[in-house]
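Topology and contacts: notes
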Amino acid sequence: MTPLSYLHTHGPAGDPLAHLAWGLGAISIIVVVIIIALVLIATFHTRPAVAVDGQGRCPIGRDVGGVRWVYIGVGISTVVLFLCAIWMLAALAAVSSPPTAPAFKIEVTGNQWWWSVRYLGNTPSNTFVTANEIHIPVGEPVRIDLIGGDVIHSFWVPKLAGKTDTIPGQTNQMWLQADQPGTYRGQCTEYCGVQHAHMGFIVVAEPRAQFEAWRANQLAAAPQPTSDLEKSGLHVFQARCGACHAVRGSDAAGILGPDLTHVMSRSTLAAATWPNGPGRIAGWIMGAQSIKPGCRMPQLSMQGNEMGALLAYLKTLQ
Amino acid sequence: MDTLKRILPVMVMVTLAACSRSQGGSTTQPSAAALPPEGQIASVPLGDLAGVAATNLPANLHNPLEGNPTAVQEGKNLFIKMNCAGCHGYDAGGGMGPSLVDHYWRYGGVPVSVYKSIYEGRPQGMPAWGRALPPQEIWKIVAYLESLGGTFPADAYHAALQGDLGNASGGGAEEKSRESNRSSSRQ
Amino acid sequence: MYLVTPFPNTAYALDLTKAGAPIKWSFAANPTPLAIGKACCDTVNRGPAYVDGKLIYNLLDDHTVAVDVRTGKEVWRTKMGNPELGETLTMAPFVVGKKVYVGNSGGEMGVRGWLAALDADTGKELWRAYSTGPDNDVKIGADFKPFYPWLRGKDLGVTTWPADMWKHGAGAVWAWISYDPELNLIYYGTSNPGPRVPVQRPGLNLWTSAIFARDADTGMAKWAYQFTPHDQWDYDGVNENLLADVQIDGRPRKVLIHFDRNAYAYTIDRATGEVLRATTFAYQNWSSGFDMKTAVPQVIPAKQPKPEVQLEVCPPDIGGKDWQPSAMSPRTGLVYAAIFNICMDLTDHTVPYIAGTPYDGMEMKRHPAPGGNWGEFMAWDPVAGRKVWSIKEQFMTMGGVLATAGDVVFYGTTDGWFRAIDARSGQALWSTKLGSGVVAPPITYLGPDGRQYLAVYSGVGGAAMVSSKMPGFPARGNTLYVFSIDGASPSQAAGMLTTQAQEPASSSKAGTSTRRH
């Protein structure tokens, strides 16, 4: 199954809609088949010839049966449509709020062309920021507040739920639940500019224990650099990257770009556009405008061994 | 030698800007020689850099992004997100830092002078952005400032030095800003 | 007379025994101009302290200096912080015994607030108490007994912030400190939390917008109270705390009286931190009431700013009253304060932390609240918690107040009026217009010639500049005015010309044979 297929969902936020889609699809096909059959019958059905009487008049007769078709058709259609409407309302009700109280809340902000994610904890100090990759515990609903950023974006994880826009000036709400562990691809589905097509994200559903481990790791600040090269890399990061990016544990706390405190723990870069890895992240830094032209990561040129030092530091941001 | 080091980065930029003006972008990175040592993202080198306002650079260096509406919009975004608005005001009318919409420019108001002030920082607390922001991003900010009307046209560099452009916007705003060079309202 | 100027923080000694009060010495402190661009609200200085023949004051670039008052030479200079990181010093140091207390400025620059104690003789730092962070850094220990349960707990200076945000959480200590010699406690307030955009920092954000009572010797906190939990409008808690002994509900209580930026006037038991009175003294629309049981103001949900959405909030960031000090008269039992009547149109923008740049995000336009007057001078009853009389002023009243035993109180306005008011009735007794606005408190002293003098600075600036677009707003100035009751003074003789003009019958002739022209 392709990653963005919405026909087979894996959680109660999407299942009722998938079933509705299949159900309405099936009903529609059946209706089409019936109508085609009726049209064909009507086309090829012939009546017995009508005989003219002695004076050349045609008998006038009440046409029985034809209008009955209409009554039956309308009756069946009404009932079926009515039942479909009820089904649709039930499906909408089912996906509007989670079956149990959400385990926690995540705030997602759509920016051109990446996703900022803030996990809210039960105490303020359990609150942390990450980007482009969301982890949720399997089988538990999670509430998502969609905060409008610069322009309208739309948050869609096809295998888990329907689309909800992020609209500047307001906060929309939706929820997610994944009943099977796995990696689910998400995508922006409201045209938002030149790199709209490359504004994806990843939702990882994992067992509770693993989720807690991930969360604790994300909450922790980045480690202090140990080797000289790493220390030099930290200086390069703070001077060259810190105005836009944040790494907790360093002096870099920019908000224009994604939080990078644990960037190497993510499977992708640039909003699921580019795979992650030491070589890959170097390629991204050196050539962002070739990979994702028009995106907000500027074309940089790094001096001498700056890149080597920076990579050494970035590798510590697990 | 020190002066040469300061001029060299922009001279390299100028040469390449002349070559690639039609594409609207200079991609050369000036050397970091003129900047404070690594460590602080945006820290001002101590000492008097005011001398750079009197420069023998080609005075009519245009902003490679001048008039580009996307650059102006992105420059405005940077102006807010790099905290320029925090010191210079959300309307660029001044606050902790001077107004950028009047016609008084202590360190020069033509595009190349504004670029250098942003890149190098200035003695009274203007941070040095040359390491944090690539040249293209600084030109975007300059483009935004140019769109606000307070800067001088690139070709008017010498006239601006001699104070001949002072009254373009009307005397009132300038008189106030000259007299109280800290407008100092809390933003 | 000793003066300290705003940046470049020159100190002067004026010889009052000589005609014309000439400069006896001046001390050029040479602070770095780098600090100019890091001062949020003009390059102000709130004055020196005097101890053991030394004039001790703060430089904008984070040094505290001590100057020998006889010679004008520097005795010691201590570096307290880094201006590159946006930190400055503007407050007047406070002295108890041999300790000098100094606090930082920079609540809008993402600094971490602190109060430090220096040895008055050597300038050596003895201890430093931070306003955010773990209990150890905040000098909270076993003796810490806040009156209210919601302020008890371990490391609240960490847990009431998102991960690591307390490191740039501000809580700067940039204004006044008070001291109770019997309890041996110092009292001071902390600034707003940083950044000034509340959605970026959910949580109570302790210990910002709060007051600390600390042991004057060790610096360990005895109690604390937060005036504006999770402050969303820049309501610093730094305004002065007047210490008074009053009768509340039939019992004598040792209290402190505090007019906060959030427009509430507090009367607090200064031994325990219990809030006895909390009533509003200025126009405000952010709070629907005050829960006396928990001592928490009730926030109106619609007044909580969301980024990019404009709303009108009163009072503005500079509050119903800013740091201009009030004064209490034990004779009338009233507190006299210069307050504001201002609102703001506020739009928040989320902000990054970039060292040395503002960590701020509040875009504001300020305008007067209903009534149209920017300022007001009032007499306040701290026991009843209400205004007794007030004088509305068209311009801001950002100068401090002087109360005297002759039942005359003095204050100045931003447009340069300097007024004497009857302390009991509120009637104006005398007004004069100075060359520029008054944003400082007047002082009174007995001169070497045995006369009583009144002195005030005239030179508008600081946060009063928010009203600088008003028609009639004065030019900047830099003048010291000294008055005596009848204008008489030995200084009159210096450079005067004698004339033959008749003297008006009402003037006093004692000691004068010439009149100034």
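Residues numbered from 1 in each chain as written. Chains lettered and ligands numbered in written order. Predicted model: local features only at pLDDT ≥ 70, side-chain atom pairs only at ≥ 80, totals over all residues.

On to the overall build of chain C, then. Helix and strand counts for chain C come out as two helices and 35 strands. The C-alpha atoms of chain C give 23 Å as radius of gyration, which agrees with the globular expectation for 517 residues (24 Å, within 12%). With the C-alpha coordinates aligned to their principal axes, the bounding extent of chain C is approximately 75 × 50 × 50 Å. Within chain C, the proportion of its 517 residues that are buried is 54%. Sequence-distant contacts, at least 24 apart, represent 57% of the contacts inside chain C between residues at least 6 apart. (Helix = DSSP H or I, 4+ residues; strand = E, 2+ residues; numbered from the N terminus. Rg over C-alpha atoms; globule rule 2.2 N^0.38 Å. Buried ≥ 20, exposed ≤ 12 C-beta atoms within 10 Å, placed from the backbone. Contact = placed C-beta atoms within 7 Å.)

As a further point, take the overall build of chain A. A count of helices and strands for chain A gives six helices and twelve strands. Relative to the compact-globule value of 20 Å for 318 residues, chain A shows a C-alpha radius of gyration of 29 Å, a clear excess of over 25%. Taking the principal axes of its C-alpha atoms as reference, chain A extends roughly 115 × 40 × 35 Å. Here chain A holds 318 residues, and the buried ones make up 37% of them. Within chain A, residue pairs in contact and separated by at least 24 positions form 65% of the contacts whose partners lie at least 6 positions apart.

Residue and element names in this part refer to chain C. The four strands are arranged E8-E9-E10-E11 in an open sheet whose pairing can be described as antiparallel. The open sheet has two edge strands with one neighbour each: strand E8 (94–96) and strand E11 (125–130). Each neighbouring strand pair of the sheet contributes to a mean axis angle of 20 degrees, computed without reference to strand direction. Relative to strand E9 (residues 99–103), E8 runs antiparallel, the two sharing three bridges. Bridge pairing links Val95 to Val100 in E9. (Pairing = 2+ DSSP bridges. Axes fitted to C-alpha atoms, helices over the stretch in contact; angles between N-to-C directions.)

To continue, consider the packing of helix H4 (residues 228–241) of chain A against helix H6 (residues 306–314) of chain A. Residue and element names in this part refer to chain A. Put simply, H4 and H6 touch, their axes get as near as 7 Å, and they point 100 degrees apart. When the axes of H4 and H6 are compared, the pair comes out roughly perpendicular. Contacts between H4 and H6 involve Leu229, Glu230, Ser232, Gly233, Leu234, Val236 and Phe237 on the former and, on the latter, Glu306, Ala309, Leu310, Ala312 and Tyr313. Of the residues belonging to the contact of H4 with H6, the class tally is eight nonpolar, two polar and two charged. (Parallel < 35°, antiparallel > 145°, perpendicular 65-115°, else oblique. Nonpolar A, V, L, I, M, F, W, Y, C, P; charged D, E, K, R; others polar.)

Quick look at the nonpolar core now. In this structure, A:Leu176, C:Val401 and C:Val409 are the most contacted members of the largest nonpolar core, which totals 240 residues. Mapping this core onto the domain boundaries places at least three of its residues in each of domain 1 (105–219) and domain 2 (228–314) of chain A. Excluding anything up to four places from it in sequence, C:Val409 contacts C:Ala327, C:Tyr336, C:Val401, C:Leu402, C:Ala403, C:Ile421 and C:Ala423. (Core = buried A, V, L, I, M, F, W, Y, C linked by C-beta atoms within 7 Å. Domains from an automatic or database assignment.)

Okay, the domain arrangement of chain A next. All names here are of chain A. The domains assigned to chain A are domain 1 (105–219) and domain 2 (228–314). Taking the mean C-alpha position of each, domain 1 and domain 2 sit 22 Å from one another. Of the residues lining the interface, 20 residues belong to domain 1; the matching set on domain 2 comes to 15 residues. Only strand E2 (114–120), strand E3 (128–131), strand E10 (200–206) and helix H3 (208–219) provide two or more residues apiece to the side of domain 1 that touches domain 2. The class makeup of the residues in the side of domain 1 that touches domain 2 is nine nonpolar, nine polar and two charged.

Glycine aside, residues mostly have negative phi angles, and peptide bonds mostly take the trans form. Between A:Gln112 and the following residue, A:Trp113, the backbone shows a cis peptide bond with an omega angle of -5 degrees. Each neighbour pair has its own omega, and for C:Phe7 with C:Pro8 the value is 15 degrees, a cis peptide bond. Tracing the backbone shows C:Pro8 in the loop between strand E1 (2–4) and strand E2 (11–14). For C:Asp62, which is not glycine, the phi dihedral falls at a positive 75 degrees. Of note, C:Asp62 is situated in the loop between strand E5 (54–58) and strand E6 (63–68).

Residue and element names in this part refer to chain A. Along the polypeptide, Val157 turns up in the loop between strand E6 (153–156) and strand E7 (164–166). For the pair formed by Val157 and Ile86, sequence separation is 71 residues and the distance between their alpha carbons is 25 Å. Those residues within four positions of Val157 in sequence are excluded, and the remaining contacts are Leu176, Tyr184, Gly186 and Val203.

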